[in-house]
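The primary structure of each chain is shown beneath.
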Amino acid sequence: MALTPYAALHVDSSLDGFLIKPAREIVDLYWTNCRCLFFIGALGAAVRLIGPFLKSKDTDPAVLVLDGKLETIVPLVGGHLGGADQIANELSAEFNGIAVFTSDTKTQERIPIDSFGFYWGWDRSGNSKDWNQLMINQSCGQSIALNQFSGTTLWKDSELFTKNFIQKNNKTSEKISDLNVGFKLGKGCWWHTHNLWIGIGCERETSENLISRAINESFEKTGLAKKSIAGVSSIDLKRNEPGIISLIDKNSWHPRFYDSETLSRISVPNPSKVVAQEIGSPSVAEASALLAAGEGAELLLEKNIFRANSDERGAVTIAIAKSVNSFAPQRGELHLIGSGPGDISFLTNDARMALSRCVIWIGYGLYLDLLEPLRRKDQVRIDSSINFEHDRCQKALQLAQQGIHVALISSGESGIYGMAGLALELWLEQKNNERPCFEVHPGISAFQVAAAKNGAPLMSDFCSISLSDLLTPWSQIEARLKSAAEGDFVLAIYNPRSKERNWQLKRAIEILLEHRLPNTPVSISRQLCRTGEKNDLYRLDCVPLEKVDMLSVLIVGNSKSFLKDDHFVTPRGYSFC
């Protein structure tokens, strides 16, 4: 259906079918009720259309303009706070298009200091005037003095960091704008990490208003920022305390409750014999705050008791502890990404979009090297050794729980002999409300490419088996080989032979020859999609073991498979009638 430049197609979920409305009415309908608007068409038409609605970059939604072929994406409004620049990055990856940026931070390769913290799990404070002036100073080429008191410093490993910040003790620091990262209150521009835990002890049925007042006064007294609150902790007897639960729900704080025996083991500065006699632990507020904050916790506020005013009831004790790491899993994202077999041309658009979204890439160095052409200068890579899979997954999960967008990268397909399974197991061990967003992005596995390079060997039922007995006992691998052979499956073989494991492939071939003819086709693909790629075809009884290593993938045909004119075929049985 052709639409005029001043009309748009509007889908109303409350009605069946589609409604045509003037474009201005649609903009008016959604301008204050959505975070992002997309215009498909002329840039000038979009500018004229949204002009009357523009108010402030603090409140305006992100606006992006795409051409009719979805080949060019232009973030028009809300590039930083609205997230339009990041959305443009993701869309360009998804559509294999080009994102066109005109902002100063993009063209001059500067960190968007007014918005970058969102992707590291932080919250922002400071008035618009201060932030606007800070951005003006940055665009004028003025360096920014950084004061960081807490939170991860991994963002400083990005290539853009040294171009944007100076040390505070610079001689001209009194003339230079400041950016602060931490858990305190203060004037100016602040990014707040989430590493403060409030320990609460209270009488039964203490009013919510009293607990709220106690927290507010405690933070005002200490100069701490409420935006840095990670969660609330107490004894398990308070798990259903109405005032505490209501505040937790209203503020989306994370609750942690502990039994008296666990609390009693924590050394605190102000233990109480009275409390110990009543509940079995000499401390609730201080002990629970330290427990929730974890190893290395620091008690910033010792317990303070607040009693009810005339319009309140009960009494409450407050303590505040600081954790080493931030904790904001509701903001974090863990993306499991398969890099494909080698060449990035085999990387799926879905995986590209996820990579674009993440500020940290973590994986084995070789796999990260393959994706390096796609990494932006604001993104940080963390290299891991090949035999530290558990540590790699644990690190990625912990970073995501801090509120960071993290990509955990495997070769091939992350769900096939990759990191997806182990990462998911660790994720499932976390409490429901302490799990970051978790998503597995399908990729292309080496056996798929090996099959395509050598013909069509997987047209019938097939399975894959790894010959590595590092994680699976050889007796189990051998049982699976026998079952696959008896079932006449086409077989893809991973991890076929290494210097230390140089006999398993020979034994596997012996097992297969008990059920397959000697002339059964076998393909050996080595260094797929990389320099030195080689694909060779052999008979099952003539596989050259010395040419096979851990960079090789084998495909063994079934009883119907055949070789013809250097092509490997497994018939599916289609009729030629």
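The structure reproduced in this document is the subject of the present report. (Residues numbered from 1 in each chain as written. Predicted model: local features only at pLDDT ≥ 70, side-chain atom pairs only at ≥ 80, totals over all residues. Heavy atoms only, no water.)

### Points about the packing of helix 7 (residues 208-222) against helix 8 (residues 242-251)
- Where helix 7 contacts helix 8, the two axes come as close as 8 Å, and the packing angle between them is 60°. Judged by the inter-axis angle, helix 7 sits oblique to helix 8. Remark: the crossing between helix 7 and helix 8 carries right-handed chirality. Every residue of helix 8 that contacts helix 7 at Glu208, Ile211, Ser212 and Ile215 is listed here: Gly243, Ile244, Ser246, Leu247 and Lys250.
- Class assignment of the residues belonging to the contact of helix 7 with helix 8 gives a composition of four nonpolar, three polar and two charged. (Axes fitted to C-alpha atoms, helices over the stretch in contact; angles between N-to-C directions. Helix = DSSP H or I, 4+ residues; strand = E, 2+ residues; numbered from the N terminus. Parallel < 35°, antiparallel > 145°, perpendicular 65-115°, else oblique. Left-handed = near helix turned anticlockwise from the far one by under 90°. Contact = heavy atoms within 4.5 Å. Nonpolar A, V, L, I, M, F, W, Y, C, P; charged D, E, K, R; others polar.)

### Notes on helix 16 (residues 446-454)
- Here helix 16 has its buried residues at Ala446, Phe447, Val449, Ala450, Ala451 and Asn454.
- Just past helix 16, the residue Gly455 takes up positive phi, approximately 135°. (Buried < 20%, exposed > 50% of the residue type's maximum accessible area, 1.4 Å probe, protein only.)

### Details of the side chain of Asn558
- Tracing the backbone shows Asn558 in the loop between strand 27 (552-556) and strand 28 (562-564).
- Reaching out from Asn558, the side chain makes a polar contact with the backbone nitrogen of Lys560 at a distance of 2.9 Å.
- Setting aside residues up to four positions removed in sequence, Asn558 forms contacts with Ser460, Asp488, Phe489, Val490, Arg516, Thr520 and Thr570. (Polar contact = N/O pair within 3.5 Å; in protein donor to acceptor, adjacent residues only side chain to side chain.)

### So, the sheet that holds strand 4 (residues 62-66)
- Here we have four strands laid out as an open sheet, ordered 3-4-5-6, and mixed in their pairing. If you trace the sheet from one side to the other, it starts and ends with strand 3 (36-40) and strand 6 (98-99), each paired once.
- Sheet analysis places strand 4 next to strand 5 (residues 72-77), joined by four bridges and oriented antiparallel. Pairing of Val63 across the sheet is with Val77, part of strand 5.
- Packing against the sheet, helix 2 (residues 43-50) makes contact with strand 3, strand 4 and strand 5, and its axis sits at approximately 20° to strand 5. (Pairing = 2+ DSSP bridges.)

### Regarding the layout of surface pockets
- Of the voids in this model, the largest pocket is the one considered here, and its volume is about 1600 Å³.
- Tyr367, Glu389, Tyr417, Asn495 and Met550 are, among the 46 residues lining the largest pocket, the residues nearest its centre.
- Going through the elements one at a time, helix 13 (365-371), helix 14 (389-401), strand 20 (405-410), helix 15 (420-428), strand 23 (462-466), helix 17 (474-486) and strand 27 are the ones with two or more residues in the lining of the largest pocket.
- Split into classes, the residues belonging to the lining of the largest pocket amount to 20 nonpolar, 18 polar and eight charged. (1 Å grid on protein atoms, 1.4 Å probe; cavity = no way out; pocket = protein on both sides within 12 Å on 5 of 7 lines; lining within 4 Å. Points joined across faces, edges and corners; volume = space filled by probe spheres on them.)

### A short note on the environment of Tyr538
- Locating Tyr538 in the fold gives a position in strand 26 (residues 534-539).
- Taking relative accessible area as the criterion, Tyr538 reaches 18% and is therefore assigned buried.
- Residues Tyr538 and Leu563 lie 25 residues apart in sequence; the distance between their C-alpha atoms is 9.0 Å.
- Excluding anything up to four places from it in sequence, Tyr538 contacts Thr520, Pro521, Val522, Ile524, Pro544, Lys547 and Leu563.

### Re the nonpolar core
- Counting 41 residues, the largest nonpolar core has Trp120 and Leu179 as its most contacted members.
- A total of five residues in this core trace back to one element, the largest contributor, which is helix 14.
- Discounting residues that sit within four places of it in the chain, Trp120 has contacts with Thr152, Leu154, Trp155, Val359, Ile360, Val380, Gln402, Gly403 and Ile404.
- By size, the runner-up hydrophobic cluster in this structure holds 23 residues, among which are Phe183, Ile198, Ile211 and Ile215. (Core = buried A, V, L, I, M, F, W, Y, C linked by side-chain atoms within 4.5 Å.)

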